[in-house]
Amino acid sequence: MSLTGMVAALVADDGTADWPARVPARLESFLASLPRPARAGMRAAARALDAYAVARTGRTLAALSPGERESLLAGLGRRPGLVPLLDVLKVPVLLASGTEHMLERQGLPRVAAPPDPPLDCTPAHAWPARSTADAVVVGSGAGGAMAARTLARAGLRVVVVEEGRHHSTRSFAARPPLERFAELYRDGGATVALGDPPLLLPVGRAVGGTTVVNSGTCYRTPDHVRTRWSSEFGFVAADGLDEHLDDAEHTLRVASQPLDVLGDNGRLALDGSRRLGWRAAPLRRNAPGCKGSCQCVVGCPTGAKQSVQLSVLPAACAAGARILTEARVDRILVDADRPGGPRAAGVRVGRAGGGLEILAPLVVVAAGALHTPPLLRRSGLGRHPYLGRNLSVHPATSVAGRFAEPVTAWRGVLQSVGVEEHHHAGVLIEATATPPGMGSFVLPGLGRELRRELEGADRLATLGAMIADLPSGRVLGRGRPLLRYDLHPRDTGRLMHAVRSMGELLFAAGAEEVLTGIASRPRVRSLAELDTLLSGASARQLHLSAYHPTGTVAAGGDPQRSPADPLGRLRGVRGVLVADASVLPSCPEVNPQLSIMAAASAVARAHVER
Amino acid sequence: MSAPMGNGGASGALDGDAESADGTAAGVAPGTDVPGAARGTGFSETMLGTLRLDGDRRPRRVRLDLDVVADRVLRVLGTTAARATGRIRIEDWADDRGAEGELEISPLARRRIRYRIRFTAGGRRLLLDGWKSVTPLRPVASMTTLPYTLYEDGARMGTGTLRFPLTTQLVPFLSSFRFPRRARPGALLEPRWKGEAGRTEVWYTTVTDPRTGTGLWLHHELVAPADGSAPYAHGWVALFPADGPVRHARFGPGRWPGERTGFRSDAVTVRPGRLTGSAEDGALAWELTERPLDGPLFTFPRWSWRRPLLPAAQILPAARASYDGTVTVDGTTLSLSGAPGASARIYGHGNARRWAWLHADLGDGDVLEVVAAVSMRPGLRRLPPLVFLRLRRGGRTWPRRPERTAVGWAGAGRFRADVGLPGWSVTGRAGLRRIRVEVHQPAERTLALEYTDPDGSRATCRNSERADAHVLLERWWFGGWRTEAEWRLDGTAHAEVGTR
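Residues numbered from 1 in each chain as written. Chains lettered and ligands numbered in written order. Predicted model: local features only at pLDDT ≥ 70, side-chain atom pairs only at ≥ 80, totals over all residues. Heavy atoms only, no water.

Going by the annotation in an unreviewed UniProt entry, the name recorded for chain A is FAD-binding protein, with Streptomyces composti given as the source organism.

## Quick notes on the overall build of chain A
Stated precisely, the cut-off is as follows: Put simply, DSSP marks the helices as runs of H or I at least four residues long and the strands as runs of E at least two long, and each gets a number from the N terminus on. Only C-alpha atoms enter the radius of gyration; for comparison, a globular chain is expected to reach 2.2 Å times N to the power 0.38, where N is the number of residues. Partly exposed residues are those whose accessible area sits between 20% and 50% of the maximum for their type, while under 20% is buried and over 50% is exposed, using a 1.4 Å probe and protein chains only.
The number of helices and strands found in chain A is 17 helices and 24 strands. Against the 2.2 N^0.38 benchmark of 25 Å for 610 residues, chain A shows a C-alpha radius of gyration of 24 Å, consistent with a compact globule. Projected onto its principal axes, the C-alpha coordinates of chain A cover approximately 75 × 55 × 45 Å. The burial tally for chain A puts 61% of its 610 residues in the buried class.

## Re the overall build of chain B
The criterion, for reference: Any two residues having at least one pair of non-hydrogen atoms within 4.5 Å are treated as being in contact. Values of accessible area rely on a 1.4 Å probe in the Shrake-Rupley scheme; residue burial ignores everything except the protein chains shown.
Within chain B, the regular secondary structure consists of five helices and 29 strands. The principal-axis extents of the C-alpha atoms in chain B amount to approximately 80 × 55 × 50 Å. The proportion of buried residues among the 500 residues of chain B is 54%. When contacts within chain B are restricted to residue pairs at least 6 apart in sequence, those whose partners lie at least 24 apart make up 57%. Total accessible area on chain B is roughly 21600 Å²; 52% of this is exposed by carbon and sulfur atoms.

## Quick notes on the UniProt feature "domain: Glucose-methanol-choline oxidoreductase N-terminal" (unreviewed entry) in chain A
Put simply, the rule reads: UniProt positions are given in the numbering used here, feature names are shortened, and annotations may be inferred rather than shown by experiment.
Per the UniProt record, the feature "domain: Glucose-methanol-choline oxidoreductase N-terminal" (unreviewed entry) sits at residues 368–382 of chain A. Across residues 368–382 of chain A, the secondary structure splits into 47% helix and 0% strand, with the terminal C-alpha atoms separated by 15 Å.

## Quick notes on the sheet that holds strand β5 (residues 112–121) of chain B
Using the following cut-off: For two strands to pair, DSSP has to find at least two bridges joining them. Comment: axis = line fitted to C-alpha atoms, over the contacting stretch for helices; angle = value between 0 and 180 degrees taken between N-to-C directions.
Around the barrel, eight strands lie side by side as β1-β2-β3-β4-β5-β6-β7-β8 (chain B); this closed barrel has antiparallel pairing. If you compare each strand with its neighbour and ignore which way they point, the axes differ by 30° on average.

## Section: the sheet that holds strand β12 (residues 343–350) of chain A
Two pairing modes exist for strands in a sheet, parallel and antiparallel, and in both the strands are linked by backbone hydrogen bonds. Residue and element names in this part refer to chain A. Strand order across the open sheet formed by four strands is β2-β13-β12-β11, with mixed pairing between neighbours. Either end of the sheet is taken by a strand with one partner, and the two such strands are β2 (130–132) and β11 (328–335). Taking the axes of each pair of neighbouring strands and ignoring which way they run, one obtains an average angle of 25° across the sheet. Examined bridge by bridge, β2 and strand β13 (residues 356–359) share three bridges and lie parallel to one another.

## Here we look at the pattern of salt bridges
Under the convention used in this document: Salt bridges, as used here, are contacts in which a Lys or Arg side-chain nitrogen is within 4 Å of a carboxyl oxygen on Asp or Glu.
Within the structure shown, the criterion is met by 81 salt bridges over all chains. Residue R434 of chain B is joined to E474 of chain B by a salt bridge in which the shortest nitrogen-to-oxygen separation is 2.7 Å. Here R434 of chain B, found in strand β26 (residues 433–440), pairs with E474 of chain B, found in strand β28 (residues 458–476); they are 40 residues apart in sequence, far enough to count as distant. By relative accessible area, R434 of chain B is classed as partly exposed at 31%. Sharing partners across several salt bridges, the network here consists of R220, D223, R226, D242, D246, E249 and R284 of chain A.

## A few points about empty space enclosed by the protein
A probe matching the size of a water molecule, rolled over the atoms, marks out where space remains unfilled. How we decide: Only protein atoms enter the 1 Å grid used here. Points where a 1.4 Å probe fits but cannot escape make up a cavity, open sets with protein on both sides within 12 Å along at least five of seven lines make up a pocket, and a residue lines them when an atom lies within 4 Å of a point. Grid points are joined across faces, edges and corners, and a volume is the space filled by probe spheres set on the points. Each residue is assigned to one of three groups, with Ala, Val, Leu, Ile, Met, Phe, Trp, Tyr, Cys and Pro labelled nonpolar, Asp, Glu, Lys and Arg labelled charged, and all others, Gly among them, labelled polar.
Per the counting criterion, the structure on display carries eight cavities of 30 Å³ or more. Taken together, R285, A287, C290, S293, C294, Q295, C296, C300, P301, K305, V413 and L414 of chain A make up the lining of the largest cavity. Along the lines of polarity and charge, the residues of the lining of the largest cavity split into eight nonpolar, two polar and two charged. Looking at the second largest cavity, its volume works out to about 50 Å³. Lining the second largest cavity are L189, W203, Y204, T205, V270, L275, E290, S343, A344 and R345 of chain B.

## A word on the interface of chain B and chain A
Spelled out, the test is: Accessible area that two parts lose when put together, with a 1.4 Å probe and added across both, is what the buried area reports. Pairing of N or O atoms within 3.5 Å defines a polar contact, subject to two protein rules: one partner must be a possible hydrogen donor and the other a possible acceptor, and residues neighboring in sequence count only if both atoms are side-chain atoms.
Taken together, the 17 residues of chain B in the interface contact 15 residues of chain A. Interface area, chain B with chain A, both sides summed: about 1300 Å², of which 44% is carbon and sulfur. Across the chain B-chain A interface, the total number found is three salt bridges. With a shortest N-O distance of 2.9 Å, D335 of chain A and R112 of chain B are connected by a salt bridge. At the boundary of chain B with chain A, the tally comes to seven residue pairs in polar contact (both at pLDDT 80 or more).

## Let's talk about the pairing of strand β20 (residues 482–485) of chain A
Residue and element names in this part refer to chain A. Residues L483 and Y485 of β20 are buried on one face, while the alternating residues L482 and R484, pointing to the opposite face, are not. Relative to β20, strand β5 (residues 192–194) is paired through two bridges, and the arrangement is parallel. Following the sheet pairing, L194 is matched in β20 by R484.

## Structural notes on unusual backbone geometry
Residues and elements named next belong to chain B. Put simply, G252 and P253 share a cis peptide bond, and its omega is 0°. The omega torsion of the bond from L421 to P422 falls at 10°, within 30 degrees of zero and hence cis. Counting through the fold element by element, P422 comes out in the loop between β24 (416–418) and β25 (423–430). One non-glycine residue, E280, lies in the positive phi region at around 50°. With respect to the element layout, E280 can be found in the loop between β15 (274–279) and β16 (284–292).

## Brief notes about the side chain of S582 of chain A
Turning to its location among the elements, S582 of chain A is positioned in the loop between β24 (576–578) and α17 (593–609). Setting aside residues no more than four positions away along its own chain, S582 of chain A makes contact with G368, A369, T372, G551, T552, V553 and A554 of chain A.

## A closer look at the pairing of strand β4 (residues 94–106) of chain B
All names here are of chain B. Two elements, strand β3 (residues 80–90) and β4, share 10 bridges in a ladder whose sense is antiparallel. Bridging across to β4, G86 finds its partner in A99. Between β3 and β4, which pair antiparallel in sequence order, lie three residues; one of them, D92, sits at a positive phi of approximately 60°. Note: β4 against β5, seven bridges, orientation antiparallel. The partner of L103 across the bridge, within β5, is Y115.

## Observations concerning a positive patch on the surface
Residue and element names in this part refer to chain B. The test is simple: Only residues whose relative accessible area exceeds 30% and that form no salt bridge are eligible for patches; like-charged ones are grouped when within 9 Å, while nonpolar side chains (Val, Leu, Ile, Met, Phe, Trp, Tyr) are grouped when within 5 Å. Charged-residue counts in this description rest on Lys and Arg as positive and Asp and Glu as negative, His and the chain ends being excluded. By convention, charge coordinates are those of NZ in Lys, CZ in Arg, CG in Asp, or CD in Glu.
Positive charge collects at one region of the surface, where R353, R354, R381 and R382 lie side by side. Within the secondary structure, R354 sits in strand β20 (residues 354–363). Owing to a relative accessible area of 33%, R354 belongs among the partly exposed residues under this scheme.

## Details of the packing of aromatic side chains
Residues and elements named next belong to chain B. Let me state the cut-off plainly: Two aromatic rings from Phe, Tyr or Trp, using only the six-membered ring of Trp, form a pair when their centres are within 6.5 Å; if the ring planes differ by under 30 degrees the pair is stacked, by over 60 it is edge-to-face, and anything between is tilted.
Applying the stated criterion across every chain yields a total of 19 aromatic pairs over all chains. Judged by centre distance (5.9 Å) and plane angle (15°), the rings of W355 and Y451 are stacked. Of this pair, W355 sits in strand β20 while Y451 sits in strand β27 (residues 447–452); the two residues are 96 residues apart in sequence, bridging distant segments of the chain. One aromatic cluster is present, formed by F43, F164, F173, F177 and F179 through successive ring pairs.

## Thoughts on the packing of helix α15 (residues 489–509) of chain A against helix α16 (residues 527–535) of chain A
Residues and elements named next belong to chain A. Spelled out, the test is: Comment on the angle field: the value is read as roughly parallel under 35 degrees, roughly antiparallel over 145, roughly perpendicular from 65 to 115, and oblique elsewhere. Helix crossings fall into two classes, left-handed where the near helix is turned counterclockwise from the far one by less than a right angle and right-handed where it is turned clockwise.
At a closest axis distance of 10 Å, the pairing of α15 and α16 adopts a crossing angle of 170°. The angle between α15 and α16 places the two elements in the roughly antiparallel class. For the pair α15 and α16, the crossing hand works out as right-handed. Residue-level contacts link M496, V499, R500, G503, E504 and F507 of α15 to L527, L530, D531 and L534 of α16. Here the contact of α15 with α16 is built from residues that sort into six nonpolar, one polar and three charged.

## Things to note about helix α11 (residues 264–276) of chain A
Residue and element names in this part refer to chain A. Under the convention used in this document: To estimate how far a helix should extend, the number of its residues minus one is multiplied by 1.5 Å.
The end-to-end C-alpha separation of α11 is 18 Å, in line with the 18 Å expected for 13 residues at 1.5 Å each. Elements that come into contact with the buried residues of α11 comprise β8 (280–282), β16 (415–419), β17 (427–432), β18 (460–467) and α15. At the exit of α11 stands G277, carrying a positive phi of roughly 75°.

## Details of the environment of G208 of chain A
Residues and elements named next belong to chain A. Mapping G208 onto the fold places it in the loop between β6 (199–200) and α9 (223–232). Among the residues examined, G208 registers a relative accessible area of 0% and is labelled buried. Along the backbone, G208 and S307 are 99 residues apart, and their C-alpha atoms lie at a distance of 6.5 Å. For G208, the residues in contact, after removing those within four places along its chain, are S140, G141, A142, V308, Q309 and L313.

Shown next as structure tokens:
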């Protein structure tokens, strides 16, 4: 298949090592998890490369010698217009290469996976076609889990409907990261927001939602954000958020990450900050007893990270909640002729051999900020003009620093240290390392250069920064969400500020050079060089990603601007609560898991106590 | 009783006052506060399918037969709640003829037809809960497929699917649809009079005590005189003992207090399910409860009660009723327990020129009601008596339409009455059946009383609640008449003949 030639060219397979030969097969299996357009795009690109090779040499890439491939690729790399496209091709290849390279060097680490707390999970095929409940919660992520627990503890018969599967800690420990990556992320992690510039927006899909694949960082909602939600937007549920944040922290056993397993990536960030006199500290995380496996983003293999399927959902199940897995909600059923106006009546779930329906007078929508608006639209509840708008995503970029000594960033805590020096300016830097190839940082170069970077990746330390953005995006569509996000000019400045700050921090920590992620100048060796580069660069040249979509069904007091009312109830229908990131009125400016959990808890509690 | 047809003909000729009264009564709230105007829905449905009990791999065949009743006409665009009774059969497990439950029928508004049926299987009380989920993409499949879950005490026991077999059941299903009028309890007892002058309204009850053979007649009457003077309420009670003379007493006239649920005048009341009162300073007193045993019986055409176009009309709120309680006569108390009888209502302009009436409880739930009357209206008074005969037998009423017996086919084939005393008779033929009713009112068991019309004219009625009757019903069968049923009532028929 043509992938072989493309992989051989990109990672300069010269036959000196075994692992590059295994990359095409690994890539094939990964591609299978991607959405069809992405898969077709990859194959088309591979064919185009082959066609180019045939046109130039009369032979396909696979038939060329390593040297011929190298010169062919170098010719392509010299065209500036092709560099971003080649970068897109590199991302999955790097994922597969990183995995094979890691397996070659260290094999699959054996970890002892503890048994998980019990959950009452039933896959859709074993669920009756007709059932009833007091409340249906759509989505089992941070918001859905908290809402389910609150409602179940109030004595309601709760069914949580989750599109993904249930994965146990043991299953995480038994498989290499990339296999889990493909399963745990929606569309294989290839969710893209179209716009200027486009950005990657991976979200989880499993029992536990994105909390299964996040980094475990738990920030409380900043006071000024809470005040704004409460006074500016009229999100009444935010008034007593402290109590709910305490509860969420207690449930997740949040604590500052101890230094013992922090890893060199985090230590370098701390060192650099100390030298600069910046405020920095190990992050507060929900991972007591973290062993530093650095695999948070593909499911913690040691069970240390208290994702909601290990903490909140077991409590919900203990209170009687049941979880329906592998079940995508087609629509919320609405009884249009109820006295007093339309009222939610349950949900319809699609499955092979006929859909299943669950009738319930209360439907809690917690499908995430990207999927809640399409769900409401296809249920006939998407008429509010601001539904799907107001999308904030925390745009993020990353920078790597090359050090003289090995850093081996993938040993230690994945997201370890928070640098809050520039948080007041909307920039939050977090030392984030990932298993090879899985980070948002794209190694520079093609062919041999890329191969050298791959093999020398153990000397790289990576930092990530996210910015507090203006709500510049919207979610379109009724079935699959179509994302549109255009970076606000103010936020472009914040991103540049973030890149410079990360460069400064890495140089202060002793980096020999900083990998900027900017194709025109991938490496700088001093802060002055970086400043020069950034003065002429734009955000389009950065590799942008985002992890925290919020605000698409914002709650608030203004019926014209807020699709949900101050208590998180969807306007225009009775019996629908919004209890996920979409209900947040604006971007929370920090990693949002605690904010989402507290808001969901507040919304559900307000319903119970009504 | 008071005669139902006076001051005019029964031919349907419009009278100026009647028209305006109708306009008032029907115009205020057509079909709502008019008794019997609202209709319900009834249909039968059969579904076949399977059930798979949890932990049992074998699917069992299921058959569900339901009779569904709703209190309103099925709302196509809205939601209709209905009750269901029927039978469920589950292979090797259950056969319950007492299955009952409710339906939520909402094919468009909620796109759901939900069934919640409770039944017993193996001594366990179970609930079948499922719904058809209607979708325009697959209208037929979604309207005929009922996935369900079976519960015991809220815990799931099994799941299954029932299907409506279109090929064999569609025609029976569609032809089973009925939209019967819905009787609001007590609605037919409410006064019809709205303040017009020249009206009379009657609530009367006749009972036979099966233990002693005593007949009881309670007559309550509201009269609004034609000269516009104040309305008054009066009436009488009469007892027809098996072994003594007829004893009767009048009460009133008294002020009409504007009662809304029935009749009331001083100490005498008629309310749904209850009759109380006394006359002659307590010499005669009664306290009875009434339990309807059948639906309403419209002796006159139903429209004539809803829209009083005829000079008068008579109906029975319940074709049969049973009475419990006491009647005290001069210090002697008669206790009634499950005594058969009926109450009737009359509303109109006054009494007929000549009339005969019979109420006969034929036993086994069958009942015969006959009114034959000659109009007071000039010209029409020369016609022979118009006969309204209603035989309710096995839950069905014959002839199907009351007009049939009165006017036949433009006069041809109408039922005929020979009104006289001590005997009178009615004969007639409708369809393949014919009937002969002979009534005998012995003088010693008959009470003569004088009626006064709203216009002040008087009539005399001769009433017996211990009359004899012979009813012969025959059916034509290949060249000859064969007796289909024959009843002889010995002292238990309630009859009256009125003259001027």
